[in-house]
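Given next are the chains, with one letter for each unit.
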Amino acid sequence: MPIIGLVMESTIEKTESHHDGGDNTHQKKMSPWRIAWVGITLAALLWITPNIYFKKSQQFTEVELQAGSMSQTDYDAITLSHARYSIACKISASVLLLASILYLISQLDMRPNSRQITDHSK
């Protein structure tokens, strides 16, 4: 069986209870692929969107500096702050991406099926 099939067989079960007076509980199965894709998507957003925001913010800061409403030391402090936040976002995105990939790998079922064991023993 291919690796993707092995991962897709493994699912996370989530039980939700409804409080309508009865004991109505049902299970939703969430695929590890879905969880990993959510993590990967969030990592991509965390990698890309701060760059866009900080570039626009930097443009406004430069206009304020040129207009004389901000001192050079304030401009330097804001620029340094933007650089630090950008690096923090990149590190967070990297950690989230790594965690998503490691989670997906951890969900692989590497044990052979009972059918495979009996086929090899013959």
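Residues numbered from 1 in each chain as written. Predicted model: local features only at pLDDT ≥ 70, side-chain atom pairs only at ≥ 80, totals over all residues. Heavy atoms only, no water.

Here's the deal with the packing of aromatic side chains
On inspection of all chains with the given rule, the structure shows 2 aromatic pairs. Taking the centre distance of 6.5 Å and the plane angle of 20° together, the rings of F54 and Y85 count as stacked. With a gap of 31 residues between them, F54 in helix α2 (residues 32-67) and Y85 in helix α3 (residues 72-106) connect regions that are remote in the sequence. Take F54: its relative accessible area is 14%, and that puts it in the buried class. (Phe/Tyr/Trp six-rings, centres within 6.5 Å; stacked < 30°, edge-to-face > 60°. Helix = DSSP H or I, 4+ residues; strand = E, 2+ residues; numbered from the N terminus. Buried < 20%, exposed > 50% of the residue type's maximum accessible area, 1.4 Å probe, protein only.)

Regarding the environment of P50
Relative to the helices and strands, P50 resides in helix α2. Residue classification places P50 among the buried residues on the basis of a relative accessible area of 11%. Sequence-wise, P50 and K90 are 40 residues apart; in three dimensions their C-alpha atoms are separated by 8.8 Å. What P50 contacts, discounting residues up to four positions off in sequence, is L45 and C89. (Contact = heavy atoms within 4.5 Å.)

Describing the confidence of the model for the chain
In this model, the chain carries an average pLDDT of 79, and 70% of its residues clear a pLDDT of 70 or more. Highest mean pLDDT in the chain belongs to α3 (94); lowest belongs to strand β1 (residues 12-18) (45). pLDDT under 50 marks residues 1-18. Its contacts with residues more than four places away, or in other chains, come to 40 contacts. (pLDDT = per-residue confidence, 0-100.)

Some words on α2
The terminal C-alpha atoms of α2 lie 53 Å apart, and with 36 residues this matches the ideal 52 Å at 1.5 Å per residue to within 8%. Those residues of α2 not exposed but buried are P32, A36, G39, A43, P50, F54, S57, Q58 and T61. Between the side-chain oxygen at the start of α2 and the backbone nitrogen of W33 there is a gap of 3.1 Å, and the oxygen is on S31. Directly beyond the C-terminal end of α2, a positive phi value near 90° is found at G68. (Expected span 1.5 Å × (residues − 1). Polar contact = N/O pair within 3.5 Å; in protein donor to acceptor, adjacent residues only side chain to side chain.)

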